[in-house]
Amino acid sequence: MTPTPDPLVLDIGGMTCASCANRIEKKLGKIDGVEASVNYATERATIRPAADADPAASAELLADPARFVSTVEDLGYRATVRPSVAERTRAASREAHAQTPSEHGGMHAGHGMSEHDMGGHSGGDMAGHDHGFSFADGAKEADDAELRDLKHRLIGSVILSVPVILMAMIPALQFTNWQWLSLALAAPVITWAAWPFHRGTWINLKHGAATMDTLVSVGTGAAFLWSLYALFFGTAGHPGMTHGFELTVNPGSVDGAGNIYLEVAAGVIMFILAGRYFEKRSKKQSGAALRALMELGAKEVTVLRGDASGDAPATEARIPIGELRVGDRFVVRPGEKIATDGVVESGASAVDASMLTGESVPVEVAPGDPVTGATVNASGRLVVRASRVGSDTQLAQMARLVEDAQSSKAAAQRLADRISGVFVPIVILIAIGTLVTWLLIGASPAAAFTAAVAVLIIACPCALGLATPTALLVGTGRGAQLGILISGPEILESTRKVDTIVLDKTGTVTSGRMALAEAIPAAGEDRAELLRIAGALEAGSEHPIAQAIAAGARESDPALPEVESFRNAPGTGASGVVDGRAVLVGREALLGDWAVTIPAELAAAKAAEEAKGRTAVLVAWDGVARGVVSVSDRVKPTSAEAIRQLRELGLEPVLLTGDHETVAREVAREVGIDRVIAGVMPADKVEVVRGLQAEGKRVAMVGDGVNDAAALAQADLGLAMGTGTDAAIAAADITLVRGDLMGAVDAIRLSRRTLGTIYGNLFWAFAYNVAAIPLAALGLLTPMIAGAAMAFSSVFVVGNSLRLRRFRSVTKG
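Residues numbered from 1 in each chain as written. Predicted model: local features only at pLDDT ≥ 70, side-chain atom pairs only at ≥ 80, totals over all residues. Heavy atoms only, no water.

Read across the sheet, seven strands follow the order β16-β28-β27-β26-β17-β24-β25 without closing on themselves; strand pairing throughout is mixed. Sheet topology places β16 (484-486) and β25 (675-677) at the edges, where each strand pairs with a single neighbour. Going from strand to strand, the sheet's axes swing by 20° on average, the running direction of each strand aside. By the bridge criterion, three bridges tie strand β27 (residues 717-721) to strand β28 (residues 734-736) in an arrangement that is parallel. (Pairing = 2+ DSSP bridges. Helix = DSSP H or I, 4+ residues; strand = E, 2+ residues; numbered from the N terminus. Axes fitted to C-alpha atoms, helices over the stretch in contact; angles between N-to-C directions.)

So this is what it looks like as C-alpha cells:
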C-alpha cells in the first residue's frame, strides 16, 4: 500500500488581504489530485492529496513543486517551497556546528542539542536538504526586503504628505501658488509610495476581483487626476487660488474644477501604508515559535566508540548532533542536555524535564529508564543509548505540533476586506452612474464629473484604513506599558469569544521553582537545629531538592556549618559529617541502609506532607531519625485573586499540568480551581485543548514552558508568561511580561476594550460611507466637502482610539 505523501507547504509573499488568500486557494485547488488551504495570517499555502486521489499520483505531483509555485506566481504573488521540520532542523544543526569554535585540539566546547539535532536522520537521506533550506533563506530575504520597502514608502509618504495636508486645511498657509508646491510634494506619494496599491489593483483587475487595494487606488487616483485637471485646465492653477467652501454642486456651473484634492489622496496613502507596515511587521514573527524550539537543545554530543561489551576501552568522540544514529551510545555529564531520546545504559541521576513535561520535581533515572532529548542531567554521569533521532524525537514532534496548530488556525477575516469585495465595485458603478445620470439630465460635463469624483472621494477608505491600525497601535502601546504584548488584531477577536481558560500549573499558577515548605522535628528535637543540619548537608549536593532545602536553611542561618565526607547516594539521598555528627538526608531506603528506624510519627508526618503534593525527605544523625523536611513548588501570591477575576470575566478555569494528580489537586484547592487535568504529556496538552474545543468551548491557554508551545498555538487564544521559554512566548498570541496571572486578567480586559473600539471605528467608517455616498451622488456634497467629511471621519476614528490610553490595570487602579 502506497503511504500518503507529506503535504507541500509554500511560503506566500505579496498578499495584502484575506481575499488574496482566497484567490490563491481557489486557483491551487483547481489542480487535479490535490486540495489546498491558504492561511493569510501565517502567509503559507498547504497542499495535500485530495481525499479521492491516488496516493501514488499525488506523491508524484507533490514531489515537483514547480507547478504549484508557477501557479501562484501567475497570479502575481511570490511563492517559495518551505522545507520540512526535519530538513530545517538538520540544516540548523549543521550550521550551528560549523559556527562552534574549536577547542582542545578540535574538541568543541558546546554540549547541547539544538532541535536541529533532531535533524540527524537514522540512515538519513540528506538529499534535497540544502535545496530546501536555501528556499527558506530566499523566503526570509524576500520577506525582509518587502518589509524594508514598505518602511521606506511609509517614511517618504509621511515626510511629503504632512505639508500637503497642512496647506490644504489651514488657509493661512495657502500662499501664492501653494497649490503647485502641493502637487510637487503629493505626486511622489500618489505614484511611488502608492505603487503597491496600484500594482495590486492591476493584478486584481486582470482576474476580475476587487479588494482594498482597488478602493485605495481608484479613490486616490481619481482625486489626483481630478486635481491635475483642475490645475492645468481649470481655475485651480491660477495664482492666489484658495480652497473654496461650496456645499453643493451647481449643475449649471462650468467651473467645477476650482479645487484640488491632493491632500485627500496623499493622506489616504500615508495612513494606509502605516497600517500595512505594522501588520506586516507583526506577521514577520509567525515562524518564531519553531525557531525557538530549534534552538533548545545541544548542537554536539559525546559518543562512545568501541566495544560496548567492555572487552576493549571505549573512546569518546565529539560529533554534531546531526550525525547521531539510532543505537549510538553517548555520554551526558552533570549540567548537560541529553542529546536525543534514548535509554540509560549506566549511571544514575536526576533529570530536569520541566522544559518538556512541566514536571517541577526532577525525575530519578537509572539503567533501563527512558530519557528524552533536550532535558537536563542535573547530577551524575549517564551513558545513554539513542533510541530515536531526527524527526522521530519528542522535541521534533513538538515542533510539528506547533507548526500544525499554527497552520490550522484560521485567520480572522477582516470586516473591511469582506465588505470591500462588494463595496468597491458598487462604489465604482455608483460613480459611473452618477456621471452618466448628470449628463443625461443636461448638466455640464464639469459638474457631472465633479459629482462623480465626490462619490469616489467620499468612498475613499481613509477612516476604514485607520479603524483597525489606530485602535491596535494605541491599545497595544498601552498594553506594552502594562507588560502586555498583543501580537495582532486577529488575537482581539479571540478574547471576546473565549469562555474557558486552561492554566498550566508550573511557572504559571506556581513559581516553577522548588522551595522549602516545612521542617517537622521529631519529639524532643529542635526545628531550627533540624533545618540547620539538614541544610548544611544538602548544601554539598547539586540536586534541585537539596538546593531548595539548603536555600531555606540559609534564610534562618546564613552561616551553615561545613560538611565533611560528603557522599551522594543516587536516587536515595546523601550522607556526610556535620559538626561531628554522621548525617543522613533522603528516602526511607537510605535510612534503611544505615539501619535507622523511622518512628511512626515521622512516617505519618512524611505521608501527610506528600498528601499535600510536596516532596518530603527524612533527616537522621547519629543513628536516630530526627525529623522530616519537605519542599514544594509555591503558588504565586497573585494567582488566587487572578482566578477569581477571570471567573468574573466569564471564563471557567481549568488546571492542566504534567505533575502528579495529588500535587495538582492541592494547588487547585489553594487557588480556587474546580477542574483539574493532571499527568499529561506535551501531545496530551494539545489533545486536551482540542477536546475542549470539540465540546464547543472557546479556549484560552496560559503557559510558560516548551511543553506548552503547541497547546498555546492550538488554543483559540494563547497567553505566555514572559518569564517562560522563548518557544512558549513565540507560539502565544499574547505575552505577559509581568509573569503572573493578573497580567492575563488585564490582557483579556484590554483586548476586549481594544476590539470594541475597532468595531466602533469600523461601524463609523462604513456608516459614514453608506450615508454620504447618496448625498455626493445627488450633488449635495462637493468633492471638497467630501474630502472634509472624510477628514472628519478620520479624526473621529483617531480620537475614539486614543481613549484606550486611559485603560488602567486592575492591579494598579
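Feature annotation in UniProt assigns "transmembrane region" (unreviewed entry) to the following positions: residues 154-172, 178-195, 215-236, 256-278, 419-441, 447-474, 758-778 and 784-802. Secondary structure within residues 154-172 divides into 84% helix and 0% strand; the distance between the first and last C-alpha atoms comes to 28 Å. Annotation note: span residues 178-195, helix share 94%, strand share 0%, distance between end C-alpha atoms 25 Å. (UniProt positions renumbered as here; feature names shortened; annotations may be inferred.)

So, about the side chain of aspartate 633. Residue position: aspartate 633 is located in strand β23 (residues 624-635). For aspartate 633, a relative accessible area of 10% corresponds to the buried category. (Buried < 20%, exposed > 50% of the residue type's maximum accessible area, 1.4 Å probe, protein only.)

A surface patch of nonpolar side chains, about 430 Å² in accessible area, is lined by Val158, Val162, Leu166, Met169, Ile170 and Leu173. Residue position: leucine 173 is located in the loop between α5 (129-169) and α6 (178-193). Here leucine 173 falls in the partly exposed class, since its relative accessible area comes to 35%. (Patch = residues over 30% accessible without salt bridge, like charges linked within 9 Å, V, L, I, M, F, W, Y side chains within 5 Å. Areas by Shrake-Rupley, 256 points an atom, 1.4 Å probe, with all protein chains shown as cover. Salt bridge = Lys/Arg side-chain N within 4 Å of Asp/Glu carboxyl O.)

Right, let's talk about the nonpolar core for a bit. Counting residues in each nonpolar core, the largest one holds 46 residues, and the members touching the most others are Ile501, Leu503, Leu655, Leu717, Leu719, Ile734 and Leu741. No other element matches the ten residues that helix α27 (residues 742-777) contributes to this core. Every residue in contact with isoleucine 501, bar those within four places of it in the chain, is listed here: Leu646, Leu651, Glu652, Pro653, Val654, Ala700, Val702 and Ile748. Ranked by size, the runner-up nonpolar core spans 36 residues in total, among them Leu147, Ala230, Val453 and Ile457. (Core = buried A, V, L, I, M, F, W, Y, C linked by side-chain atoms within 4.5 Å. Contact = heavy atoms within 4.5 Å.)

Let's shift gears to the packing of helix α22 (residues 639-648) against α27. The interhelical angle for the contact between α22 and α27, taken along N-to-C directions, is 25°, at an axis separation of 8 Å. Comparing the axis directions of α22 and α27 gives the class roughly parallel. Contact with α22, carried on its side by Glu641, Ala642, Gln645 and Leu646, involves Met742, Val745 and Ile748 of α27 and no other residues of that element. Of the residues contributing to the contact of α22 with α27, the split by class is five nonpolar, one polar and one charged. (Parallel < 35°, antiparallel > 145°, perpendicular 65-115°, else oblique. Nonpolar A, V, L, I, M, F, W, Y, C, P; charged D, E, K, R; others polar.)

Moving on, we get to the pattern of salt bridges. Any two side chains of opposite charge can pair, on the condition that their charged atoms come close. If you walk through the whole model with that rule in mind, you get 26 salt bridges. In this structure, lysine 606 engages glutamate 588 in a salt bridge whose closest nitrogen and oxygen atoms are separated by 3.2 Å. Of this pair, lysine 606 sits in helix α21 (residues 600-611) while glutamate 588 sits in helix α20 (residues 588-593), placing them 18 residues apart in sequence.

With antiparallel pairing, six strands are arranged side by side in an open sheet as β18-β23-β22-β21-β20-β19. The sheet terminates laterally at β18 (510-521) and β19 (563-569), the two strands that pair on one side only. Recorded for the sheet is a direction-independent mean angle of 20° between the axes of neighbouring strands. The pairing of strand β21 (residues 581-586) with strand β22 (residues 615-621) spans four bridges and is classified as antiparallel. Each residue of the ladder has a partner; that of valine 585, found in β22, is valine 619.

Moving on: the packing of aromatic side chains. The tally for this structure, following the rule as stated, stands at three aromatic pairs. A centroid spacing of 5.3 Å and a plane angle of 75° characterise the contact between tryptophan 180 and phenylalanine 232, whose relative ring orientation is edge-to-face. Of the two residues, tryptophan 180 is situated in helix α6 and phenylalanine 232 in helix α8 (residues 212-232); the sequence distance between them amounts to 52 residues. A relative accessible area of 29% places tryptophan 180 in the partly exposed class. Phenylalanine 232 gets classed as exposed once you look at its relative accessible area, which sits at 52%. Here a set of aromatic residues connected by ring pairs shows up, and it is made of Trp226, Tyr229 and Phe233. (Phe/Tyr/Trp six-rings, centres within 6.5 Å; stacked < 30°, edge-to-face > 60°.)

For the rest of this paragraph, the subject is helix α3 (residues 66-74). Those residues of α3 that fall on the buried side of the exposure criterion are Phe68, Val69, Thr71 and Val72. Summarising the axial view, the buried residues of α3 lie within an arc of 160°, below the 170-degree limit, and thus occupy one face. Within two residues after α3, glycine 76 carries a phi angle of roughly 100°, on the positive side. (Arc of directions from axis to C-beta.)

Glancing now at the environment of leucine 762. For leucine 762, the location among the structural elements is in helix α27. On the basis of relative accessible area, leucine 762 is assigned to the buried category, the value being 5%. Residues leucine 762 and valine 797 lie 35 residues apart in sequence; the distance between their C-alpha atoms is 8.5 Å.

Positive phi values are uncommon outside glycine, yet alanine 374 reaches one of about 80°. For alanine 374, the location among the structural elements is in the loop between β13 (370-371) and β14 (376-379). Relative accessible area serves as the criterion here: at 0%, alanine 374 is assigned to the buried category. The phi dihedral of aspartate 622 is positive, around 55°, even though this residue is not glycine. Turning to its location among the elements, aspartate 622 is positioned in the loop between β22 and β23. A residue is classified by how much of its surface remains accessible, and aspartate 622, at 46% relative accessible area, is partly exposed.

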